[in-house]
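Residue-level structure breakdown
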Amino acid sequence: MVTHSAFDLASPRVKRYDQLDMQCPALLIDPDPVANQANFAALVHMAFRWHWVGFYTVDGDELVLGPFQGPVACTRLSRGKGVCAAAWNRNEAVIVADVEAFPGHVACSPESRSELVLPVRNAEGEVAAVFDLDSASAGDFDAADAARLQSLLDAMSSRLLVGFENRD
Ligand code: SME
């Protein structure tokens, strides 16, 4: 198991995504998906130092806070309101360049300026959780960030979701 991960914060994002792709399969090996979510959030935070990164898990008609790195956050989010709920409803990544311009944005931290939320899909392709990233800089996320993180989440989803058999 990887216990030490150094990232060069001055290196291009693409290089840090490459490093995440290499390290995640070796790091996320516990049978407990919550433990794997915790280390996934920590690793992404170490790589990019965004203001807040973490999971919300689908719980009935709400999303409930899971493992994260960053300041304390809202524990429950309602379906139909906010960026996380939008990614859940649409089953696709949602990039918000300016959170104040997003109708219904849920402001857990006044320091968040831009946001990216990605679906974490179960074996049936349904959204079972979302991975939320908040930046203190406006316009900090683009389609390349969404594509790299979505591909990593899709590859790791069996290790990140409760009730999703580890197949590899
Ligand atoms: N901004 C999110 C809420 C979660 S926090 O950013 C951690 C939203 O609008 O759903």
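Scroll up for the structure.
Small disclaimer: the values here were computed from a predicted structure and weren't measured.

**Here's the deal with unusual backbone geometry**
Of note, the phi angle at Arg49 is positive, near 55 degrees, even though the residue is not glycine. Looking at the element boundaries, Arg49 is found in the loop between α2 (33-48) and β1 (52-59). By relative accessible area, Arg49 is classed as exposed at 51%.

**A closer look at the sheet that holds strand β2 (residues 62-69)**
With respect to topology, 6 strands assemble into an open sheet ordered β3-β2-β1-β6-β5-β4, the strand pairing being antiparallel. Looking along the sheet, the strands with just one partner apiece sit at the ends: β3 (76-78) and β4 (94-96). Averaged over all pairs of adjacent strands, the angle between strand axes in this sheet comes to 25 degrees, irrespective of strand direction. Strands β1, β2, β3, β4, β5 (114-121) and β6 (127-135) of the sheet are contacted by helix α3 (residues 83-90), whose axis makes an angle of about 35 degrees with β5. Strand contacts of helix α4 (residues 143-160): β1, β4, β5 and β6, with the helix running at about 35 degrees to β5, the strand carrying the most contacts.

**Description of the state of the cysteines**
Two cysteines joined by a covalent bond between their sulfur atoms form a disulfide. Per the counting criterion, the structure on display carries 1 disulfide. Residue pairing for Cys74: its cysteine sulfur links by disulfide to Cys108, the two sulfurs lying 2.3 Å apart. In this structure, the disulfide formed by Cys74 and Cys108 twists by about -130 degrees around the S-S bond and is classed as left-handed. Of this pair, Cys74 sits in the loop between β2 and β3 while Cys108 sits in the loop between β4 and β5, placing them 34 residues apart in sequence. Note on Cys24: no disulfide assigned, nearest cysteine sulfur contributed by Cys84 at a separation of 20 Å. On the basis of relative accessible area, Cys24 is assigned to the buried category, the value being 0%. With no disulfide of its own, Cys84 has Cys108 as its nearest cysteine by sulfur position, at a separation of 7.5 Å.

**Regarding the packing of α2 against α4**
Where α2 meets α4, the axes come as close as 9 Å, and the angle between the chain directions of the two elements is 145 degrees. Here α2 contributes Pro33, Asn36, Gln37 and Phe40 to the contact with α4, which in turn contributes Leu152, Leu153, Arg159 and Leu160.

**Examining the side chain of Glu115**
Here Glu115 lies in strand β5. In this structure Glu115 is buried but unpaired, with Arg113 as the nearest side chain of opposite charge at 10 Å. Of note is the side chain of Glu115, whose polar atom sits 3.2 Å from the side chain of His105. Once residues within four sequence positions are removed from consideration, Glu115 is found in contact with Val83, Cys84, Val94, Ile95, Val96, Val99, His105, Asp132, Leu133, Asp134 and Phe141.

**Considerations on the site of the ligand**
Residues in close proximity to the ligand include Trp52, Tyr56, Ala73, Gly82, Val83, Cys84, His105, Val106, Cys108, Glu115, Asp132 and Asp134, which together make up its full environment. Here an oxygen atom of the ligand sits 2.9 Å away from a polar atom, N or O, in the main chain of Val83. A distance of 3.3 Å separates an oxygen atom of the ligand from a polar side-chain atom of Asp132. Contact with the protein chains covers 99% of the free accessible surface of the ligand, which is 310 Å². Here the ligand is seated within the largest cavity. Considering only residue class, the shell around the ligand consists of 7 nonpolar, 2 polar and 3 charged.

**What about the pattern of salt bridges?**
With the rule as written, the count across this model stands at 8 salt bridges. We note a salt bridge from Asp140 to Arg13, for which the minimum N-O separation is 2.7 Å. Of the two residues, Asp140 sits in the loop between β6 and α4 while Arg13 sits in helix α1 (residues 13-27), which places them 127 residues apart along the sequence. Asp140 gets classed as buried once you look at its relative accessible area, which sits at 19%. Put simply, Arg113 and Glu100 hold a salt bridge, and the shortest N to O gap is 4.0 Å. Here Arg113 is found in the loop between β4 and β5, whereas its partner Glu100 is found in the loop between β4 and β5, with 13 residues between them in sequence. On the accessibility criterion, Arg113 (35% relative accessible area) is partly exposed. Judged by relative accessible area, which is 67%, Glu100 ranks as exposed. Within the structure, one salt-bridge network assembled from shared partners comprises Arg13, Asp140 and Asp145.

How each quantity is defined
Residues numbered from 1 in each chain as written. Predicted model: local features only at pLDDT ≥ 70, side-chain atom pairs only at ≥ 80, totals over all residues. Heavy atoms only, no water. Helix = DSSP H or I, 4+ residues; strand = E, 2+ residues; numbered from the N terminus. Buried < 20%, exposed > 50% of the residue type's maximum accessible area, 1.4 Å probe, protein only. Pairing = 2+ DSSP bridges. Axes fitted to C-alpha atoms, helices over the stretch in contact; angles between N-to-C directions. Contact = heavy atoms within 4.5 Å. Disulfide = S-S within 2.5 Å. Lys, Arg positive; Asp, Glu negative; His and termini not counted. Salt bridge = Lys/Arg side-chain N within 4 Å of Asp/Glu carboxyl O. Polar contact = N/O pair within 3.5 Å; in protein donor to acceptor, adjacent residues only side chain to side chain. Near = heavy atom within 4 Å. Areas by Shrake-Rupley, 256 points an atom, 1.4 Å probe, with all protein chains shown as cover. 1 Å grid on protein atoms, 1.4 Å probe; cavity = no way out; pocket = protein on both sides within 12 Å on 5 of 7 lines; lining within 4 Å. Sits in = over half its atoms within 2 Å of the grid points. Nonpolar A, V, L, I, M, F, W, Y, C, P; charged D, E, K, R; others polar.

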